[in-house]
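# Overview (structure and organization)
In case you want the letters, here they are:
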Amino acid sequence: MDYGAKCYDRFLAGDDNGLVEIIRDYKDGLMLYMNGFSKDIYIAEELTEETFVKLVVKRPKYHGKSSFKTWLYAIGRNVAMDYFRHHPSMTSLSGQSAQAVIEMTAAEKSLEAAYIMDEQKLALHHALKKLKTEYRQALYLSYFEGFQNGQIATIMKKNKRQVENLLYRGKQSLKTELEKEGFIYEEL
């Protein structure tokens with residue numbers, strides 16, 4: 001059983017510090033993942049909070065079929081999908097210029113700087129924003145969160161082969177984007 005699962009079990013048993021530790025350990029990564037859906041750090045923050053509220057209110061059962069982090073990110077993805085089903089205008093970027101989508105608010109920069117220390121990963125993160133949503137999600141979960149393909153498949157509700165294809169195509173698109181900027185990321 002991983003540390004997140006132990007904290008969740010403690011929380012379910014009545015120890016509120018278990019939830020505090022979960023939030024502390026997973027908040028920033030989950031928020032950046034949610035930002036990939038919303039392209040707005042404030043909505044991403046709201047979706048992240050809603051994910052943790054769901055843990056508190058509904059207390060879903062963690063069965064241990066995947067890592068706790070995989071399970072939590074899958075809940076977060078479901079929260080985001082529900083949000084965009086109820087707010088369909090939020091998924092459309094037609095009223096915004098491409099530059100406005102790429103530019104980051106001060107809050108995003110602060111969160112990103114704290115979470116992504118390395119300059120190469122920062123360049124990679126900026127290039128990810130220019131990719132298709134599914135490519136961005138799969139690559140983010142793989143590169144930044146360290147999930148394995150099976151875990152990514154669980155989070156994204158895809159099969160393992162689809163994730164492999166998304167990662168391959170996403171890497172090709174990402175390489176193209178990075179080369180446009182004159183940057184070559186060796187780990188691709």
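Up top is the structure.
Residues numbered from 1 in each chain as written. Predicted model: local features only at pLDDT ≥ 70, side-chain atom pairs only at ≥ 80, totals over all residues. Heavy atoms only, no water.

## Examining unusual backbone geometry
The criterion, for reference: The helix count covers DSSP runs of H or I at least four residues long, the strand count covers runs of E at least two residues long, and both are numbered beginning at the N terminus. Burial status follows relative accessibility: with a 1.4 Å probe on protein chains alone, a residue under 20% of its type maximum counts as buried, one over 50% as exposed, and anything between as partly exposed.
Phi at Lys39 is positive, roughly 55°, even though this residue is not glycine. Its location among the elements puts Lys39 in the loop between α2 (16-38) and α3 (41-58). Positive phi outside glycine occurs at Lys157, with the angle close to 60°. On the secondary structure map, Lys157 appears in the loop between α9 (149-156) and α10 (160-180). When its relative accessible area of 57% is taken as the criterion, Lys157 is described as exposed.

## Section: the packing of helix α1 (residues 3-12) against α2
The condition is simple: Lines fitted to C-alpha atoms define the axes, with helix axes restricted to the stretch in contact, and inter-axis angles between N-to-C directions lie between 0 and 180 degrees. For any helix crossing, the convention is left-handed if the near helix is rotated counterclockwise from the far helix by under a right angle, and right-handed if that rotation is clockwise. Working rule for contacts: check all heavy atoms of both residues, and any pair within 4.5 Å makes them a contact. Side-chain classes are defined by residue name, with Ala, Val, Leu, Ile, Met, Phe, Trp, Tyr, Cys and Pro counting as nonpolar, Asp, Glu, Lys and Arg as charged, and the others, Gly among them, as polar.
Close contact between α1 and α2 brings their axes to 6 Å; oriented N to C, the two are set at 145°. When the axes of α1 and α2 are compared, the crossing they make is left-handed. On α2, the residues touching Tyr3, Gly4, Cys7, Tyr8, Arg10 and Phe11 of α1 are Asp16, Asn17, Gly18, Leu19, Glu21, Ile22, Arg24, Asp25 and Tyr26. Its residues placed into classes, the contact of α1 with α2 shows seven nonpolar, three polar and five charged.

## Let's talk about a negative patch on the surface
The condition is simple: The patch calculation keeps residues exceeding 30% relative accessible area without a salt bridge and links them within 9 Å when they carry like charges or within 5 Å when they are nonpolar (Val, Leu, Ile, Met, Phe, Trp, Tyr). Per-residue accessibility takes into account occlusion by the displayed protein chains alone, with areas from the Shrake-Rupley method and a 1.4 Å probe. A side-chain nitrogen of Lys or Arg and a carboxyl oxygen of Asp or Glu constitute a salt bridge if their distance falls within 4 Å. Positive charge is attributed to Lys and Arg, negative charge to Asp and Glu, and no charge count is given to His or to the chain ends. Here the site of a charge means atom NZ of a Lys, CZ of an Arg, CG of an Asp or CD of a Glu.
A grouping of Glu45, Glu46, Glu49 and Glu50 is seen on the molecular surface, where their side chains present a negatively charged patch. Within the element layout of this structure, Glu50 appears in helix α3.

## So, the environment of Gly4
Tracing the sequence through the fold places Gly4 in helix α1. Under the relative-accessibility criterion, Gly4 is labelled buried at 1%. With near-sequence residues (within four places) excluded, Gly4 lies in contact with Ile22, Tyr26 and Phe68.

## Considerations on the packing of aromatic side chains
Rules: Between the rings of Phe, Tyr and Trp (Trp by its six-membered ring), a pair exists once the centres lie within 6.5 Å; its type follows the angle of the planes, with under 30 degrees stacked, over 60 edge-to-face, and the other angles tilted. By definition here, charges over rings are those cases where NZ of Lys or CZ of Arg is within 6 Å of the ring centre and within 35 degrees of the ring normal.
With the rule as written, the count across this model stands at 13 aromatic pairs. Ring geometry for Tyr33 and Tyr140: centres 6.2 Å apart, planes at 20°, overall stacked. Of this pair, Tyr33 sits in helix α2 while Tyr140 sits in helix α8 (residues 133-143), and the two are 107 residues apart along the sequence. By the burial criterion, Tyr33 is buried, and Tyr140 matches it. Ring geometry for Phe68 versus Trp71: centroids 5.4 Å apart, planes at 45°, classification tilted. Remark: Trp71 and Phe68 occur in helix α4 (residues 68-86); sequence separation between them is three residues, near one turn of the helix. Each member of the pair, Phe68 as well as Trp71, carries the same accessibility label: buried. An aromatic cluster is defined as three or more aromatic residues linked by ring pairs; in this entry it consists of Tyr8, Phe11, Tyr26, Tyr62, Phe68 and Trp71. The ring of Phe147 has Lys69 lying over it, and the distance from NZ or CZ to the ring centre is 5.3 Å.

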